Amino acid sequence: MNVILLGSPGAGKGSQAVRLKDEFGFRHISTGDLIRAEIAAATPLGKKVESLVKQGNLVADDLIFDLLKNALKSETRSIVFDGFPRTIAQAEDLDKYLAEQGKKMDYILSIELTDEEAIKRLTSRRVCKSCGAVYNIYWPDYKGVCTKCGGELYTRADDTLESAKHRLDVFKKETQPLLDYYGSKPGFVKINGLGALEEVFASIKQALNLIK
Ligand SMILES: [Zn+2]
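Model, not experiment: these values are computed from the prediction.

A. Structural detail: the overall build of the protein chain. The number of helices and strands found in the protein chain is 8 helices and 8 strands. Along the three orthogonal principal directions, the C-alpha set of the protein chain runs to about 55 × 45 × 30 Å. Among the 212 residues that make up the protein chain, the fraction classed as buried is 24%. Pairs at least 24 apart in sequence give 70% of the contacts found in the protein chain among residues at least 6 apart.

B. Seen up close, unusual backbone geometry. Here the amide bond leading from F84 into P85 is cis, since omega sits at -5°, within 30 degrees of zero. Here P85 is to be found in the loop between β3 (79–82) and α5 (88–100). Backbone geometry places A42, a non-glycine residue, at a positive phi of 55°. The residue A42 is located in the loop between α2 (31–41) and α3 (44–54) in this model. Given 10 C-beta atoms within 10 Å, A42 falls into the exposed group.

C. Region of interest: the sheet that holds strand β4 (residues 107–112). The parallel open sheet is built from 5 strands, whose spatial order is β2-β3-β1-β4-β8. The open sheet has two free edges, formed respectively by β2 (27–30) and β8 (188–192), since each of these has just one partner strand. Strand after strand, the sheet turns through a mean of 25° between neighbouring axes, direction not considered. Of the pairings in the sheet, the one linking β2 to β3 comprises 4 bridges and is parallel in character. Looking at the pairing, R27 lines up with I79 of β3.

D. The arrangement of the environment of E198 in detail. With respect to the element layout, E198 can be found in helix α8 (residues 197–207). For E198, a count of 8 C-beta atoms within 10 Å corresponds to the exposed category. Once the C-alpha coordinates of E198 and I29 are considered, the two residues, 169 residues apart in sequence, prove to be 21 Å apart.

E. The pairing of β3, seen in detail. Along β3, one buried face is formed by I79 and F81 and the opposite face, lined by V80 and D82, is buried too. Sheet topology places strand β1 (residues 2–7) next to β3; 4 bridges connect them, and they run parallel. Among the inter-strand pairings, I4 is bridged to a residue of β3, identified as F81.

Rules and cut-offs
Residues numbered from 1 in each chain as written. Predicted model: local features only at pLDDT ≥ 70, side-chain atom pairs only at ≥ 80, totals over all residues. Helix = DSSP H or I, 4+ residues; strand = E, 2+ residues; numbered from the N terminus. Buried ≥ 20, exposed ≤ 12 C-beta atoms within 10 Å, placed from the backbone. Contact = placed C-beta atoms within 7 Å. Pairing = 2+ DSSP bridges. Axes fitted to C-alpha atoms, helices over the stretch in contact; angles between N-to-C directions.

Structure (structure tokens):
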């Protein structure tokens, strides 16, 4: 089974992908991980990608796709794509690649959040200045100070309101074309992303017919 998880920052795509991996043996494909693994393996492709990343350049679509093809070559497990595709070109390439192998994208799940909830989640993280422990202001046991070392908690620069709004804007610009592309395809399902991770995971399992 091939599944794409779409969803705004804060929607918990990565956590849900990990659950599919842990509970149902999915291969979890995230392009960030693919890039890091290829660089670590020091393949010719990895060296090319490394020099791009070191210079602060984005890794081009076709290179990312090469990484992906390498990873998928002998893969027989179900796959959950997390953060890929990002563009229509990648989505088309992926569909074409799967079709060549007699496969298809079986499900495209769009985990939906209101802007308000996304902003709330993206700005609720606090980090200890002394030991780096991570907290969330909505946790029931949140004390406003580090319970491990007593240190002061602060909001990281990328967790501020301004930064959260920017991430949400970028996401919408990037993802709307993908929603247009996938929205009318069979297997496209909207998932309500409000509620706890466990509830959202239950909806995902139901959408994928994984409930026994
Ligand atoms: Zn601390």
